[in-house]
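# Coordinate inspection notes
Letter by letter, the chains look like this.
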Amino acid sequence: MSATPAIRYHIQPAHPGAHLFRVRCEVAVPAAEGQLFRLPAWIPGSYMIRDFARHVVVARAAAGGRAVALTKLDKDTWQCAPCAGPLSFEWEVHAWDLSVRGAHLDTTHAYFNGSSVFPAVVGQEHLPCAVTIALPDGEGWKHWRVATSLPRAGALPWSAGDYAAADYEELIDHPVEMGEFLLGEFEACGVPHAVAITGRVRVDLERLCRDLKTVCEHHIRFFGEPAPMARYLFLVTAVGEGYGGLEHRASTSLLCGRDDLPRSGEPGDGYRTFLGLCSHEYFHAWNVKRIRPAAFVPCDLGREAYTRLLWVFEGFTSYYDDLALVRSGLIDEAGYLKMLGETATRVWRGPGRLRQSLAESSFDAWNKFYKPDANTPNAVVSYYTKGALVALALDLALRRASAGARSLDDVMRALWARYGRSADGVPEDGIEPLVAELASQDFGAFFARHVHGVEDAPLAELLPDVGLRFNLRPAESGSDNGGRPGTRSEPRADLGLRTQVADGELRVSHVLDGGPAQAAGIAAGDVLVALEGLRVQPRGFDRQLDALRPGECVHLHVFRRDELLVFALTLAAAPADTVFISVDGDAADAVVQRRRTWLSGG
Ligand code: ZN
């Protein structure tokens, strides 16, 4: 860091009750033709144009004690009139988005991503910057602490004060939390780690830190020490219900349900899911933050950045997030196979997997995966879930092709060695030749079928290599998420639609291709009123359906807007779209040993 950075930022939650941050940016040498300031349109890791600049309330500029004229050039760019430096540009930002992507401020806490609040000094984004984070004015806020992975440049640990960033890209890659969070600290492979939790929670912090340390050390050793970050921070916001995460180079922002955090006693499925989320975002510190798609180098945050590789960056990460939990002993084999079956069930239940390839899903993420609508299950495949299954299939296929000498682990480590420490990203066609090189054979057909084509991941064919069986059965109820064998001898009656309860009504959210509801003309948004002349029970509809048999013709009354419609439809048998993975008890010792090797990461 130079002694006097040419760019200085200052941010303060100025009016917590009005949700307003005040942000100032001082530029020592403004551009001669008039300095431009610009806010990103999207935040890395979340592939949707969000137009953060719409939350800017008032912008002004001054130099030498006089106001400088400002002109807005487009939705997120401001131009100052030519002036001599230093130039001070100031604005207020409304922060009322409680997500991992934006900024949120009230009288209980402040949270922001730099991409929501800090304007880029156009043309000087490569310069180091100083950042001062200030508490709100007044005695009432003096006890607030600050949690961020931004390098400190004078600020005391967990305190307001002076921080620094090497350039604009780094500045906006360290989210900041201010308030009265809980704080746990631990070391992983000698690197200081911390978890800061905001929200009203009761949590076994010791247990959480112990388990996070296990996950983090697993990932660090997977890629090889030393860890690529000097410190790491899990920023957790616990709410009544919520789920989400966003990866950064030395931290992650997470949103979770408060019941998902561990308390005394044995934690449940929610905690396993939370640990999976932590594992996912931590793995991203390598896979996407440092091993980057070439399409993101450099990253233009003003418009969409297109890549066909999100199935690698999100799909492989989704494969390794849960795999790391079983490899590090945090869950057992049965628990892992259950999670795998649940993931596969989510994929097999979407007819869209037969319409859109993983490469297409990656490319169109901006307008499809991130903008779900009534037709999403029929038209879109998730590069997370199907990407994870294709990663598993690729892993097993590599092990088969190399007689156990190679695996997807080698692909990840090769990506890390080749691209992780270089400025270059992974080219769009970079994965297939790397796999072929490691396997010493052509994998073109695999990629053509499962990545560029729409064929399902070949798990039924490959899982027996490790003594497992891939099983499909019909769903047994609306809340059957798969992952376990069924108990019914006959399939239940099925309408071919998805519903959600809203305002005490049962509303159709999606109509699935080829099902009875679509054939009859039922549409997304319809409110189900009566089935066979009996009022629909929003939370008891499963039981009403259970009384009927596949093949029966039934009448369904619905409201479409305010019009009552009646449809006759023939109930189908629930399709075999629910996956569970079972252990082959008769597998040979060598096969069982292969499974042990895979699940131990050996
Ligand atoms: Zn991710």
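Refer to the preceding data block for the structure.
So, a few notes on the structure that sits alongside this text.

How each quantity is defined
- Residues numbered from 1 in each chain as written.
- Predicted model: local features only at pLDDT ≥ 70, side-chain atom pairs only at ≥ 80, totals over all residues.
- Heavy atoms only, no water.
- Helix = DSSP H or I, 4+ residues; strand = E, 2+ residues; numbered from the N terminus.
- Rg over C-alpha atoms; globule rule 2.2 N^0.38 Å.
- Buried < 20%, exposed > 50% of the residue type's maximum accessible area, 1.4 Å probe, protein only.
- Contact = heavy atoms within 4.5 Å.
- Areas by Shrake-Rupley, 256 points an atom, 1.4 Å probe, with all protein chains shown as cover.
- Lys, Arg positive; Asp, Glu negative; His and termini not counted.
- Charge placed at Lys NZ, Arg CZ, Asp CG, Glu CD.
- Pairing = 2+ DSSP bridges.
- Axes fitted to C-alpha atoms, helices over the stretch in contact; angles between N-to-C directions.
- Donors = N, O, S within 2.8 Å, 3.2 Å for Na, K, Ca; no water.
- 1 Å grid on protein atoms, 1.4 Å probe; cavity = no way out; pocket = protein on both sides within 12 Å on 5 of 7 lines; lining within 4 Å.
- Points joined across faces, edges and corners; volume = space filled by probe spheres on them.
- Salt bridge = Lys/Arg side-chain N within 4 Å of Asp/Glu carboxyl O.
- Phe/Tyr/Trp six-rings, centres within 6.5 Å; stacked < 30°, edge-to-face > 60°.
- Lys NZ or Arg CZ within 6 Å of the ring centre and 35° of its normal.
- Expected span 1.5 Å × (residues − 1).
- Core = buried A, V, L, I, M, F, W, Y, C linked by side-chain atoms within 4.5 Å.

### Brief notes about the overall build of the chain
Within the chain, the regular secondary structure consists of 16 helices and 30 strands. Its C-alpha radius of gyration of 26 Å places the chain within 12% of the 25 Å reference for a compact globule of 602 residues. Based on the C-alpha atoms only, the size of the chain along its principal axes is roughly 80 × 65 × 50 Å. Scored against the burial criterion, the 602 residues of the chain give a buried share of 55%. Residue pairs in contact within the chain that sit at least 24 positions apart in sequence constitute 68% of those at least 6 positions apart. For the chain, the accessible surface area stands at approximately 25,100 Å², while carbon and sulfur atoms represent 50% of it. Computed over 62 positive and 75 negative side-chain charges, the inter-centroid distance for the chain is 1 Å.

### Section: the sheet that holds strand β2 (residues 20-27)
The mixed open sheet is built from seven strands, whose spatial order is β5-β4-β8-β2-β1-β12-β14. Lying at the two open borders of the sheet, with one neighbouring strand each, are β5 (66-68) and β14 (161-165). For this sheet, the mean inter-axis angle between neighbouring strands, taken without regard to orientation, is 25°. As paired strands, β2 and strand β8 (residues 87-94) are joined by eight bridges and run antiparallel to one another. Across the sheet, residue Arg24 finds its bridge partner in β8, namely Glu90.

### Some thoughts on the coordination of the zinc ion
Around a metal, the ideal angle is 109.5 degrees if four donors adopt a tetrahedral arrangement and 90 or 180 degrees if six donors adopt an octahedral arrangement. Within the protein, His280 (NE2), His284 (NE2) and Glu314 (OE) serve as the donor atoms for the zinc ion, at 2.0 to 2.1 Å. Each donor residue of the zinc ion belongs to the same chain, and together they define the spacing H-x3-H-x29-E. Of this pair, His284 sits in helix α4 (residues 269-284) while Glu314 sits in helix α5 (residues 310-327), and the two are 30 residues apart along the sequence. The exposure class of His284 is buried, given its relative accessible area of 0%.

### Observations regarding the layout of surface pockets
In this structure, the second largest pocket spans a volume of roughly 810 Å³. Lining the second largest pocket are 34 residues, and of these Glu169, Ile172, Cys299, Asp300 and Leu301 sit closest to its centre.

### Examining the environment of Ala165
When you line up the elements, Ala165 lands in strand β14. Accessibility expressed as a relative area gives 1% for Ala165, which makes it buried. For the pair formed by Ala165 and Leu255, sequence separation is 90 residues and the distance between their alpha carbons is 25 Å.

### A closer look at the pattern of salt bridges
Where charged atoms of side chains with opposite charge meet at close range, the side chains can pair. Evaluation of the coordinates by the stated rule reveals 36 salt bridges. For Lys213, the salt bridge goes to Glu217, with nearest N and O atoms at 3.3 Å. In this pair, Lys213 and Glu217 both sit in helix α3 (residues 205-223), four residues apart, roughly one turn of the helix. Exposure remark for Glu217: the relative accessible area of 14% places this residue in the buried category. What emerges from the salt-bridge pattern is a single network uniting Lys213, Glu217, Arg221 and Glu225.

### A word on empty space enclosed by the protein
Empty space among the atoms can be located by rolling a probe the size of a water molecule over them. On inspection of all chains with the given rule, the structure shows three cavities of 30 Å³ or more. Empty space within the largest cavity amounts to approximately 70 Å³. Leu98, Ser99, Val100, His109, Tyr111, Glu177, Leu235, Thr237, Ser253, Leu254 and Leu255 together form the lining of the largest cavity. Every element with two or more residues in the lining of the largest cavity is listed here: β10 (109-112), β18 (232-239) and β20 (251-257).

### Some points on the packing of aromatic side chains
Scanning the entire structure with this criterion turns up 37 aromatic pairs. Ring geometry for Phe283 and Tyr320: centres 5.1 Å apart, planes at 15°, overall stacked. Of this pair, Phe283 sits in helix α4 while Tyr320 sits in helix α5, placing them 37 residues apart in sequence. Residue class for Phe283 comes out buried when judged on its relative accessible area of 0%. Ring pairing ties together the aromatic residues Trp42, Tyr47, Phe296, Tyr306, Phe363, Trp366, Phe369, Tyr370, Tyr383 and Tyr384, which thus form one cluster. The ring of Phe363 carries Arg308 above its face, with NZ or CZ at 4.2 Å from the centroid.

### Considering helix α6 (residues 333-348)
Note: α-helices contain 3.6 residues per turn, so residues at a spacing of three or four share the same orientation. Taking 1.5 Å per residue as the helical rise, α6 with its 16 residues ought to reach 22 Å, and the 22 Å between its terminal C-alpha atoms agrees with that figure. Counted residue by residue, α6 has 12 buried out of 16 residues, so it is predominantly covered. Of the residues making up α6, those classed as buried are Gly335, Tyr336, Leu337, Met339, Leu340, Gly341, Glu342, Thr343, Ala344, Thr345, Val347 and Trp348.

### Concerning α4
Helix length check: α4 (16 residues) gives 23 Å between terminal C-alpha atoms against 22 Å at 1.5 Å per residue, within 8%. Of all 16 residues in α4, 13 are buried; the element is thus mostly enclosed.

### Some thoughts on the side chain of Glu247
Residue placement: Glu247 occurs in strand β19 (residues 243-247). For the buried residue Glu247, which engages in no salt bridge, the nearest side chain bearing the opposite charge is Lys289, 6.1 Å off. Not counting residues up to four positions away in its chain, the partners in contact with Glu247 are Gly45, Tyr47, Asp173, Thr252, Glu281, His284, Val288, Lys289 and Glu314.

### Side note on the sheet that holds strand β6 (residues 70-74)
Pairing within the open sheet is antiparallel, and its four strands lie in the order β6-β7-β3-β11. Looking at strand neighbours, the two that pair on one side only are β6 and β11 (120-121), the edges of this open sheet. Pairing between strand β3 (residues 36-38) and β11: two bridges, direction antiparallel. Looking across to β11, one finds that Arg38 is bridged to Ala120.

### Considerations on the nonpolar core
Core analysis: the biggest nonpolar cluster contains 158 residues, and Phe234 and Trp311 have the highest contact counts within it. Those residues within four positions of Trp311 in sequence are excluded, and the remaining contacts are Phe316, Leu358, Ser362, Tyr383, Gly387, Val390, Ile431, Phe447 and Val451. By size, the runner-up hydrophobic cluster in this structure holds 20 residues, among which are Leu497, Val511, Ile522 and Val536.

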